[in-house]
Amino acid sequence: MVDDQGLTSLRDAASGLDQRTNALVEALLDGDQLALARLITLVENRSQMVPAILARVFPNTGRARLIGVTGAPGAGKSTLVDRLISGCRDEGGRVGVLAIDPSSPYTGGAILGDRVRMQKWASDPDVFIRSLATRGHLGGLSLATRDAARLLDACGYKTILIETVGTGQSEVDIMDLAHTIILVMAPGAGDEIQAQKAGILEIADVLVVNKADREGANQLVGQLEAMLDLAGELAWRPPVIKTVAGTGRGIEDLLAACQAHQEWLAQGERSGQRLIERAGRELAELVGRIAAERAVKAAREAGLWEDLIAGVANRRLDPYSAAEALLAALESGKSPRGPARSGG
Amino acid sequence: MRKIRVLVAKPGLDGHDRGAKVVARALRDAGMEVIYTGLHQTPQQVVRAAAQEDVDVVALSILSGAHMTLVPKITSGLREVGLVDVSVLVGGIIPDSDALRLYAAGVRKVFGPGSSLEAIVATTRESVQRPLA
């Protein structure tokens, strides 16, 4: 378990790995695909070993470039990713793909079908494709995606393509994970209106009009350029690229645009600043999650949890006081004398 | 309890995928994560997908009669890459005598035409080898 009393102790968490998991991590750092797959599963299932695994693996990350591919279902994301794999393989180096699909809110199950569009890569030992279900998480990715990407990075995958769920508008997770984000649209899907909604254009670094051989493609390109003109002074103006993923047309231009964005990011303080901001957001989110789990666990063990819930439900206690009581129990390591009474 | 991951694949030239899709949906409705790889899979593609997706079960749909050529390559392929704790289920047009030979090759269960979805889902769940908790 992780001892939260200093960076040295945190690194010691690595010794918290059992023999089997330690062997998996060693194999992963050596480039082994099977170990990579098994470790991704451990991360997905929130194994107790995850903090120790990440502590071991994290120093070996930071070498891969992460490209996010987002856009509404039917725009051709998976087919485009298939073509991007090809382009990246031509440049050399291993390519990893994380393809996220939604879990059913009713059954908890999922059909993960993005691989269907990437068939031929199953015979290429330098391409690793993993399908992940959202498991109830909103935001376009699954909770495990970030750490899965780190595992791929540490395993030696130079380029990691991340295909989001693609519902369109609430795709904020990818913003904090990818270096370059591609938004894929297709003509005739009402995307002209969709694209005007806040958030989409703010997310994307490269705009792709896929299925560009269809009617309406040039109009969509025009509308996007007009919208970008209205946006005024942009530090980075997303290029609008036409593609026909089915045939591969436009893929070279797309990769060149991604490369140009990568180079722009590398200028000056830009990427350093982004890393700081992202680290801050991840840490805040992670500590919130871990603290909440620990506080609830401690309260349950002290027999406090049911009392607090009943207090709130019966309006003897307001939720904020109940939450403070939980935190107090966690901080002091002992249970408080009882729930505070609120005014009414 | 963790999610059960199942690979549903149609190896070989068989183009009739309706059954596979029906089974995939039933497994999803039972709370499982189904990696659907679609048509025309080679044994090598099935094995590699099973490895990368770290599945518990590989469910093969073969209606073309080519099962005796394809399935043993998949069961031995899984063993060769170290996936010894993955169960293989086969559904399709399989004569009883072939089913016996498939069991000898390492298949866990063979389902013929008319098999109930409940039975398929139940068997899939039971054939998970790694602990669920």
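Just so it is clear, the structure is predicted and the values come from calculations on it, not from any experiment. (Residues numbered from 1 in each chain as written. Chains lettered and ligands numbered in written order. Predicted model: local features only at pLDDT ≥ 70, side-chain atom pairs only at ≥ 80, totals over all residues. Heavy atoms only, no water.)

## Things to note about the sheet that holds strand E2 (residues 33-41) of chain B
The line we're drawing: Strands qualify as paired when DSSP identifies two bridges or more between them. Helix numbers and strand numbers start at the N terminus; a helix is a DSSP run of H or I with at least 4 residues, a strand a run of E with at least 2. Orientation is described by lines fitted to C-alpha atoms, with helices fitted over the stretch in contact, and by angles between N-to-C directions that extend from 0 to 180 degrees.
Read from one edge of the open sheet, six strands run E3(A)-E2(B)-E1(B)-E3(B)-E4(B)-E5(B), paired in parallel fashion. In this open sheet, the two strands that pair with only one neighbour each are strand E3 (110-112) of chain A together with strand E5 (109-111) of chain B. Between one strand and the next, the sheet's axes are offset by a mean angle of 20°, whatever the strand orientation. By the bridge criterion, three bridges tie E3(A) to E2(B) in an arrangement that is parallel. Counterpart to Ile111(A) in the pairing with E2(B) is Val34(B).

## Details of the side chain of Asp14(B)
Residue and element names in this part refer to chain B. Using the following cut-off: Definition of a polar contact: a pair of N or O atoms within 3.5 Å, with one able to donate and the other able to accept a hydrogen when the atoms are protein atoms, and with sequence-neighbouring residues admitted only if both atoms are side-chain atoms.
Tracing the backbone through its elements, the reader meets Asp14 in the loop between strand E1 (5-11) and helix H1 (18-29). Among the polar contacts listed, one links the side chain of Asp14 to the side chain of Lys10, at a separation of 2.7 Å. Of note is the side chain of Asp14, whose polar atom sits 2.8 Å from the backbone nitrogen of Leu63.

## Side note on the packing of helix H5 (residues 77-91) of chain A against helix H11 (residues 251-266) of chain A
Residues and elements named next belong to chain A. How we decide: Roughly parallel means an angle under 35 degrees; roughly antiparallel means over 145; roughly perpendicular covers 65 to 115; every other angle is labelled oblique. By definition, turning the near helix anticlockwise from the far helix through less than a right angle yields a left-handed crossing, and turning it clockwise yields a right-handed one. We call two residues contacting when some pair of their heavy atoms lies within 4.5 Å. By the convention adopted, Pro, Cys, Tyr, Trp, Phe, Met, Ile, Leu, Val and Ala count as nonpolar, Lys, Arg, Asp and Glu as charged, and the other residues, Gly among them, as polar.
Following both chains from N to C, one finds H5 and H11 inclined at 70°, their axes separated by 10 Å at the closest point. The pairing of H5 with H11 is recorded here as roughly perpendicular in orientation. Two packed elements cross with a definite hand, and for H5 against H11 that hand is right-handed. Residues Leu80, Arg83, Leu84, Gly87, Cys88 and Glu91 of H5 form the contact with H11, whose own contacting residues are Ile251, Leu254 and Leu255. In terms of residue class, the contact of H5 with H11 is built from six nonpolar, one polar and two charged.

## Concerning the packing of aromatic side chains
Two aromatic rings are characterised by how far apart their centres lie and by the angle between their planes. This is how it is decided: Aromatic pairs are defined between Phe, Tyr and Trp rings, using the six-membered ring for Trp, whenever the two ring centres lie within 6.5 Å; interplanar angles under 30 degrees are classed as stacked, those over 60 as edge-to-face, and all others as tilted. Here the term buried applies to any residue with accessible area under 20% of the maximum for its type, exposed to any over 50%, and partly exposed to those in between, with areas from a 1.4 Å probe on protein chains only. Geometrically, a charge over a ring is one whose NZ (Lys) or CZ (Arg) sits within 6 Å of the ring centre while staying within 35 degrees of the ring normal.
For the structure shown, the criterion picks out two aromatic pairs over all chains. Summarising the aromatic geometry, the rings of Trp236(A) and Trp264(A) are spaced 5.5 Å apart at their centres and angled 45° between planes, so their arrangement reads as tilted. Of this pair, Trp236(A) sits in the loop between helix H10 (217-230) and strand E8 (240-242) while Trp264(A) is found in helix H11, placing the two residues 28 residues apart along the sequence. The exposure classification of Trp236(A) matches that of Trp264(A), with both residues buried. Positioned above the aromatic ring of Phe111(B), the side-chain terminus of Lys109(B) is 5.4 Å from the ring centre.

## Observations regarding the sheet that holds strand E2 (residues 94-101) of chain A
All names here are of chain A. The strand order E4-E2-E5-E1-E6-E7-E8 describes an open sheet built from seven strands, whose pairing is parallel. Single-partner strands in this sheet number two, and they are strand E4 (127-133) and E8. Going across the sheet, the axis of each strand differs from the next one's by a mean of 20°, ignoring polarity. Looking at chain direction, E2 and E4 are connected through seven bridges and run parallel. Its bridge partner being in E4, Gly96 is matched across the sheet by Phe128. On the sheet, helix H3 (residues 33-44) packs against E2, E4 and strand E5 (157-163) and is oriented at approximately 15° with respect to E4.

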